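Chain residues, written in single-letter form:
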Amino acid sequence: LIGLLSSVIKCSDVELLAVTIATDETDGFTRYAESADRYGIKHKTFGMGQEWRGGDIARFSGGGHKVNILKENLSQYEGRTDLIIMFTDSYDVVFTAGSEEILEKFKKFDSNVIFSAEGFCWPDASLKEQYPEVKPHECRFLNSGGFMGYAKDIVEMVNYKTINDMDDDQLYYTKMFLDKTTREKWRMKLDTKSEIFQNLNGALGDTTLKSKGDHSYLYNMKTGTSPLIIHGNGPIKSEFNRIANYLADGWTTSAGCLSCKRKTISLEGLKEDDYPDVQLSIFIDQPTPFLPEALEDIVNQDYPKKRINLFLQNQAEYHKKDVVSFLESYGDKYKSVTVVNPEDNMNTIAGRNWALEMCLKTKCQYFFSVDGHAHITEPTLLKSLIEQNRTVIAPMVCRPQQYWSNFWGSVSDIGYYARSADYMDIVAYKKEGLWNVPYMNSVYLVHGSLMGKLKDAFTRQTVRDADMHFAENLREKGIFMYVTNMKYFGHLVNFDEYPTTHLHNDMYEILRNPYDWEKKYIHANYSSSLAENADIAQPCPDVFWFPIVKEIFCDHLVEEMEHFGQWSGGKNEDSRLAGGYENVPTVDIHMNQIGNEENWLHFLRKYVLPLQQKVFLGYFHDPPHAIMNFVVRYRPDEQPLLRPHHDSSTFTINIGLNNPGVDYTGGGCRFIRYNCSVTGTRKGWMLMHPGRLTHYHEGLKTLSGTRYIMISFVDP
Ligand code: UDX
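Reading the values: the criteria
- Think of each chain on its own: its residues are numbered from 1, step by step along the sequence as written.
- Given that the model is predicted, a residue must reach a pLDDT of at least 70 before its local features are reported, and side-chain atom pairs must reach 80 or more before they are shown or counted; all residues, however, enter totals for whole chains, interfaces and linings.
- Note: side-chain values were computed over all heavy atoms of the structure, leaving out hydrogens and water.
- Here a residue is considered near a molecule or strand provided that any single heavy atom belonging to it is located within 4 Å of it.
- Between N or O atoms, a polar contact is any pair within 3.5 Å; within protein, one atom must be a potential hydrogen donor and the other a potential acceptor, and residues adjacent in sequence are included only when both atoms are from side chains.
- Surface accessibility in these figures is a Shrake-Rupley result with a 1.4 Å probe; residues are shielded only by whichever protein chains are displayed.
- Working definition: helices are DSSP H or I runs of at least four residues, strands are E runs of at least two. Numbering for both runs from the N terminus.
- Definition used in this section: a nonpolar core is a set of buried Ala, Val, Leu, Ile, Met, Phe, Trp, Tyr and Cys residues joined via side-chain atoms within 4.5 Å.
- The buried label applies to any residue whose accessible area, calculated with a 1.4 Å probe on protein chains only, is under 20% of its type's maximum; exposed applies above 50%, and partly exposed to all values in between.
- In what follows, a contact means two residues having at least one pair of non-hydrogen atoms within 4.5 Å.
- Within 6.5 Å between ring centres, the rings of Phe, Tyr and Trp (the latter by its six-membered ring) count as paired, and their orientation is classed by plane angle as stacked under 30 degrees, edge-to-face over 60, tilted in between.
- On a scale of 0 to 100, pLDDT captures the predictor's confidence in every residue.
- Strand pairing is assigned whenever DSSP detects at least two bridges linking the two strands.
- Throughout, an axis means a line fitted to C-alpha atoms (over the contacting stretch in the case of helices), and angles, computed between N-to-C directions, take values from 0 to 180 degrees.
- Salt bridge criterion: a side-chain nitrogen from Lys or Arg within 4 Å of a carboxyl oxygen from Asp or Glu.
- The labels follow the angle: roughly parallel below 35 degrees, roughly antiparallel above 145, roughly perpendicular from 65 to 115, and oblique for the rest.
- Rotating anticlockwise by less than a right angle from the far helix to the near helix defines a left-handed crossing, while the corresponding clockwise rotation defines a right-handed one.
- In the scheme used here, Gly and all other residues not listed as nonpolar or charged are polar, with Ala, Val, Leu, Ile, Met, Phe, Trp, Tyr, Cys and Pro taken as nonpolar and Asp, Glu, Lys and Arg as charged.
- The term disulfide is used for any two cysteine sulfur atoms that are within 2.5 Å.

Caption draft 1: Summary view of the site of the ligand. Around the ligand lies a shell of 20 residues, among which Ile21, Thr23, Asp169, His231 and Gly234 are the nearest. Residue Asp92 places a side-chain N or O atom 2.8 Å away from an oxygen atom belonging to the ligand. One nitrogen or oxygen atom from the side chain of Ser144 is found 2.9 Å from an oxygen atom belonging to the ligand. Within the complex, the protein chains bury 91% of what would otherwise be the 650 Å² of accessible surface of the ligand.

Caption draft 2: Structural context of unusual backbone geometry. Omega for the bond connecting Trp122 with Pro123 falls within 30 degrees of zero, at 5°, which places this linkage in the cis form. For the bond running from Asp622 to Pro623, omega is 0°, close enough to zero to count as cis. Within the fold, Pro623 resides in the loop between helix 17 (597-615) and strand 31 (629-634). For Arg187, which is not glycine, the phi torsion reads 45° and is therefore positive. When you line up the elements, Arg187 lands in the loop between helix 7 (180-185) and strand 7 (188-191).

Caption draft 3: Layout of the nonpolar core. By size, the foremost hydrophobic cluster in this structure holds 77 residues, and its most contacted members are Phe368, Met440, Leu454 and Phe470. Sequence-distant contacts of Leu454, defined by excluding residues within four places in its chain, comprise Leu356, Val446, Phe470, Leu474 and Ile479. In this structure, Tyr508, Tyr526, Ile589 and Met686 belong to the second largest nonpolar core, which totals 43 residues.

Caption draft 4: Here's a closer look at the packing of aromatic side chains. Scanning the entire structure with this criterion turns up 41 aromatic pairs. With a centroid separation of 5.2 Å and an interplanar angle of 45°, the aromatic rings of Phe115 and Tyr173 are classed as tilted. With a gap of 58 residues between them, Phe115 in strand 5 (residues 113-118) and Tyr173 in helix 6 (residues 169-178) connect regions that are remote in the sequence. Consider the rings of Trp517 and Phe603, whose centres lie 6.2 Å apart with planes at 65°: the pair is edge-to-face. Pair noted here: Trp517 is in helix 15 (residues 514-521) and Phe603 is in helix 17, with a separation of 86 residues, a long-range link. Exposure remark for Trp517: the relative accessible area of 2% places this residue in the buried category.

Caption draft 5: Region of the structure containing the confidence of the model for the protein. Per-residue pLDDT for the protein averages 96, and the proportion of residues at 70 or more is 98%. The low-confidence segment residues 1-10 (pLDDT under 50) makes 15 contacts with residues lying over four places distant or belonging to another chain. The ipTM for the predicted assembly is 0.95, set against a pTM of 0.94.

Caption draft 6: Structural context of the sheet that holds strand 2 (residues 43-46). Strands sit in the order 2-1-3-6-5-7 across an open sheet of six strands; the sheet is mixed. Every other strand in the sheet has two partners, leaving strand 2 and strand 7 as the edge strands with one partner each. Along the sheet, successive strands turn relative to each other by an average axial angle of 25°, direction set aside. As judged from the four bridges shared by strand 5 and strand 7, these two strands associate in the parallel manner. Across the sheet, Ile114 pairs through a bridge with Lys189, a residue of strand 7. The strands that helix 3 (residues 64-74) touches are strand 1 (15-21), strand 2, strand 3 (83-88) and strand 6 (141-150); relative to strand 1, the one it contacts most, it runs at about 135°.

Caption draft 7: Up close: the sheet that holds strand 36 (residues 676-678). Spatially, the four strands line up as an open sheet ordered 32-38-35-36, and their pairing is antiparallel. Each of the sheet's edge strands pairs with one partner strand only, and the pair in question is strand 32 (642-645) and strand 36. Each strand of the sheet is rotated relative to its neighbour by a mean of 15°, with strand direction disregarded.

Caption draft 8: Broad picture of the pattern of salt bridges. Counted by the stated rule, this structure contains 42 salt bridges. When the shortest N-O distance is used, the salt bridge between Glu272 and Lys306 registers 3.8 Å. Note that Glu272 is positioned in the loop between strand 13 (256-257) and strand 14 (278-284) and Lys306 in the loop between helix 9 (291-299) and strand 15 (308-314), a separation of 34 residues in sequence. Glu272 sits in the partly exposed class, given a relative accessible area of 45%. Since its relative accessible area comes to 44%, Lys306 is described here as partly exposed. Glu551 is the salt-bridge partner of Lys683, the closest N and O atoms lying 3.7 Å from each other. Note that Lys683 is positioned in the loop between strand 36 and strand 37 (685-690) and Glu551 in helix 16 (residues 551-564), a separation of 132 residues in sequence. Classification of Lys683 by relative accessible area gives buried; the value is 12%. A single network of salt bridges, built from pairs that share partners, joins Arg460, Arg464, Glu472 and Glu476.

Caption draft 9: Quick look at the packing of helix 15 against helix 17. Contact geometry for helix 15 and helix 17: axes closest at 14 Å, N-to-C directions at 65°. One finds that helix 15 runs roughly perpendicular with respect to helix 17. As for the relative orientation of helix 15 and helix 17, their crossing is right-handed in sense. Residue-level inspection shows Pro514, Trp517 and Glu518 of helix 15 in contact with helix 17, the latter providing Phe603, Lys606 and Tyr607. Each residue belonging to the contact of helix 15 with helix 17 can be placed in one class, and the counts come to four nonpolar, no polar and two charged.

Caption draft 10: Here's a closer look at the state of the cysteines. Tallying each qualifying case throughout the model produces three disulfides. Here Cys257 pairs with Cys260 through a disulfide, and the sulfurs are 2.0 Å apart. Looking down the S-S bond of the Cys257 and Cys260 bridge, the torsion is 95°, so its handedness is right-handed. With relative accessibility at 6%, the residue Cys257 sits in the buried group. The partner cysteine of Cys540 in its disulfide is Cys676, sulfur to sulfur 2.0 Å. Sign of the S-S torsion, about -85° for the bond between Cys540 and Cys676, identifies this disulfide as left-handed. Of this pair, Cys540 sits in strand 28 (residues 537-540) while Cys676 sits in strand 36, and the two are 136 residues apart along the sequence. Considered together, Cys540 and Cys676 belong to a single accessibility category, that of buried residues. Should the bonded cysteines of the protein be numbered as they appear in the sequence, the pairing reads 1-2, 3-4, 5-6. Residue Cys121 stays outside any disulfide, its sulfur separated by 12 Å from that of Cys139, the closest cysteine.

Take a look at the structure:
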């Protein structure tokens, strides 16, 4: 009779109420509630603020607490047949449609209570055979993370028996379903084809994301259905989080990132004093290439420094001078400065924990963490992250031209990196958006409201990197980490194998960090010589002149040579050469003496060869070969000039390393056959001329000061 009564009621006459349980307002719960709101689903939450007594149910049995909370709260709906109650879990559930569609599908079941189904018989596999058989592509077993039915039946069901908080809720409902009497009493059915509910554990491969305009949904390829409520049950939370980036109309192929536009805040129009308080925490864990540039990028953030408390931990003795110079230049611009130096002997984990604690104590509104190897070149980065308004958010930064980034798309069962289906597209900016990820590092913003939950968040029992501990702890606490690639925000440098034995170690990074090397050392106008109709200077016949390196390169090279200090005597006997004899000796130091030969050959290939091809057409030798690469020093009282000679090269390059008229007077190069001299050589500019036959030349006398040039005999 009860069944009949219910089944005659039309769905248009009934109302849908979604109910859930959440003891904590986790990010997962917020996602659930937002998706319900998005589709106008009326929803109620029970248990908020209570201590959870249901155990770790994603991995073990338990969850009876959920039934008991429902018992306490659903009695108000007792006996009602005009109300459909839909229970779902909340931390791992997303709606993708509204009440009308849900009720429509419910009606088609012609049933009073529908349970979601899954492919695992959990928690008691021995009950397997008691289940009604289903078609091979359908799911046979009950899952208690999603069910719906008339309020009358649901209330009866949850009150049918007593259950302990630690008992298993799924087993509780399973027994009712397997018992023919109760199954028929409440006209229970399982949603074996995922018409309404999709449990994803064990079914990830059966489903695919789809979108139409600005609506996204999941499609079950096995059953041909588009389920409306998606549940990331069991141990697949990270993958579910990834899928949920798209669901609830978060990201679609044609509309792109829709979730990025939601929940944002704006700092526009704020007076400087009203900007949120930020604790900028800089961590220099090891010798790191291009650190001064990284610090400069931080300084260039477009954010009032007087609203920033600066915390800086430097563990590298090597960078003490960089830190001092940074603090001397900018320290007093920040609201406060706290520095941990190498001699404080604080490790990475302790330093980061301390920074968090400081943020908690000072009630900072945001914790902005930047590692020394992150270059945040976009000045609006900090503002953008604040405005995106998420609990934890990182800008995507990658090693240039590589798929090495500061986040993981997925995480393996043992907590290490795993690649997600969309990782490559995100890194390549083929998909731009806001991505909930299981791990991020190097640069991120944490909302100040989380500080209370993050005491010692960089510590764990396991011995892994601090950032892995941090991400693992956040995942366990249900705190979402987002990565945004809505803009190009900056990049990472590679600090592996960074040498610290030279004076200017960045100069040695052309192979490991080509992007930063070029930015630091290659002349701003270098590529103008490569343009189609480039106007290339030709001060003497077949002597070409190009801007090639920045002044800083010249300074570093000269200083490196002087630091090394073993200038040759300018004698004909030269033990550095294979034959032991130099016909036209200079006072010089070879690149291989300072360990820079391999880098220099790369420089010749990458930067010199293209220029050579512009001016000496038809000659192409790749890679360029050179065994004589050296810096020459001319001084009036040492070696002031070089007598006329040919070079043993196909062509020679000659880069001016300092300024005539400033660092020295006199000097220059005279090409005898043409009676033509280049005297006003320019710092950072390269002369290129044939070596062996036509361009018989001499080094003109340096009259005062010291003149330095860098020479290579290319293709001897
Ligand atoms: C799965 C089933 O879906 C679930 O119904 C069954 O009880 C055990 O197996 P799963 O979804 O993986 O569980 O677990 P999880 O999402 O971690 O927890 C279920 C729900 O309980 C949460 O979504 C949330 O609604 C509630 N819960 C859990 C709390 O309110 N507080 C907690 O501390 C933990």
